[in-house]
Amino acid sequence: WERHPDLLARTLGEVRAWPGLDAAWTRALLGAVPPPAGWTGERQWVALTLDGDPSASLSVFAFRRRPWPAEWPVVPLAAGPLQRLQGIVPATSRPETPAAAFAPSLCAKSAMQRSAPGRDPLTP
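Before going into details, it helps to say that this report is about the structure given with it. (Residues numbered from 1 in each chain as written. Predicted model: local features only at pLDDT ≥ 70, side-chain atom pairs only at ≥ 80, totals over all residues. Heavy atoms only, no water.)

**Quick notes on the overall build of the protein**
When helices and strands are counted, the protein shows 5 helices and 2 strands. Along the chain direction, N to C, the helices and strands of the protein fall in the order α-α-β-α-β-α-α. Sorting the 124 residues of the protein into buried and exposed places 21% on the buried side. Counting contacts in the protein only where the partners sit at least 6 residues apart, residues at least 24 apart contribute 62% of the total. As presented, the protein carries roughly 9,000 Å² of accessible surface, and 61% of it is formed by carbon and sulfur atoms. (Helix = DSSP H or I, 4+ residues; strand = E, 2+ residues; numbered from the N terminus. Buried < 20%, exposed > 50% of the residue type's maximum accessible area, 1.4 Å probe, protein only. Contact = heavy atoms within 4.5 Å. Areas by Shrake-Rupley, 256 points an atom, 1.4 Å probe, with all protein chains shown as cover.)

Rendered as structure tokens:
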């Protein structure tokens, strides 16, 4: 977010405008998000882990070889803001949130509206 403040602003705008979200949850989430310059602190990572469990190995089926455990840290996160955001329960788990707020048709339609004209955002 620190390198893309315009993207952060648009993302938070989507949160504000999302139909069906509880107003208290929206305020809590928006209050926990620091300004772009506030993403500081020790770095933690969201990592992609492959072949950690040999019985569920991707390598066996995809590459026809023995498991080759790998971990790729792909998304850096600042520890301070991460702790604040971890205290907020997912909107989908709140009883006040109607199932229709996250219906597949609504999510796909919203993604379609954001995409370039004539381009399907669900395909690379």
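**Describing a nonpolar patch on the surface**
A contiguous nonpolar patch, built from Val-46, Leu-48, Trp-72, Val-74 and Val-75 and spanning about 430 Å² of accessible area, is present on the exposed surface. Secondary structure elements with two or more residues in the nonpolar patch: strand 1 (43-50) and strand 2 (70-78). Among the elements that line the nonpolar patch, the one with the most residues is strand 2, at 3 residues. Note on placement: Val-74 falls in strand 2. (Patch = residues over 30% accessible without salt bridge, like charges linked within 9 Å, V, L, I, M, F, W, Y side chains within 5 Å. Salt bridge = Lys/Arg side-chain N within 4 Å of Asp/Glu carboxyl O.)

**Here's the deal with unusual backbone geometry**
With phi around 60 degrees, Asp-51 is a residue other than glycine that occupies positive phi space. Tracing the backbone shows Asp-51 in the loop between strand 1 and helix 3 (58-62). Phi at Arg-64 takes a positive value of approximately 55 degrees, unusual for a residue other than glycine. Among the structural elements, Arg-64 can be located in the loop between helix 3 and strand 2.

**Examining the pattern of salt bridges**
Tallied over the full model, the rule gives 3 salt bridges. Across the pair Arg-94 and Asp-22 runs a salt bridge whose closest N-O atoms are separated by 2.8 Å. Placement of the pair is Arg-94 in the loop between helix 4 (79-86) and helix 5 (104-114) and Asp-22 in the loop between helix 1 (5-17) and helix 2 (23-32), with a sequence separation of 72 residues. Its relative accessible area of 21% is what places Arg-94 among the partly exposed residues. A salt bridge links Glu-96 to Arg-94; its shortest N-O distance comes to 3.2 Å. Bridged by salt links that share partners, the residues Asp-22, Arg-94 and Glu-96 form one connected network.

**Some remarks on the packing of helix 1 against helix 2**
Helix-helix packing is described using two parameters, namely the angle between the two axes and the distance between the axes. Their axes nearest at 10 Å, the elements helix 1 and helix 2 cross at an angle of 165 degrees. By the angle between their directions, the pair helix 1 and helix 2 is classed as roughly antiparallel. Regarding helix 1 and helix 2, the two cross each other, and that crossing is left-handed. In this structure, helix 1 uses Leu-12, Val-15 and Arg-16 to contact helix 2, whose residues at the interface are Trp-25, Thr-26, Leu-29 and Leu-30. Considered class by class, the residues forming the contact of helix 1 with helix 2 number 5 nonpolar, 1 polar and 1 charged. (Axes fitted to C-alpha atoms, helices over the stretch in contact; angles between N-to-C directions. Parallel < 35°, antiparallel > 145°, perpendicular 65-115°, else oblique. Left-handed = near helix turned anticlockwise from the far one by under 90°. Nonpolar A, V, L, I, M, F, W, Y, C, P; charged D, E, K, R; others polar.)

This is a description of form; function is not addressed.
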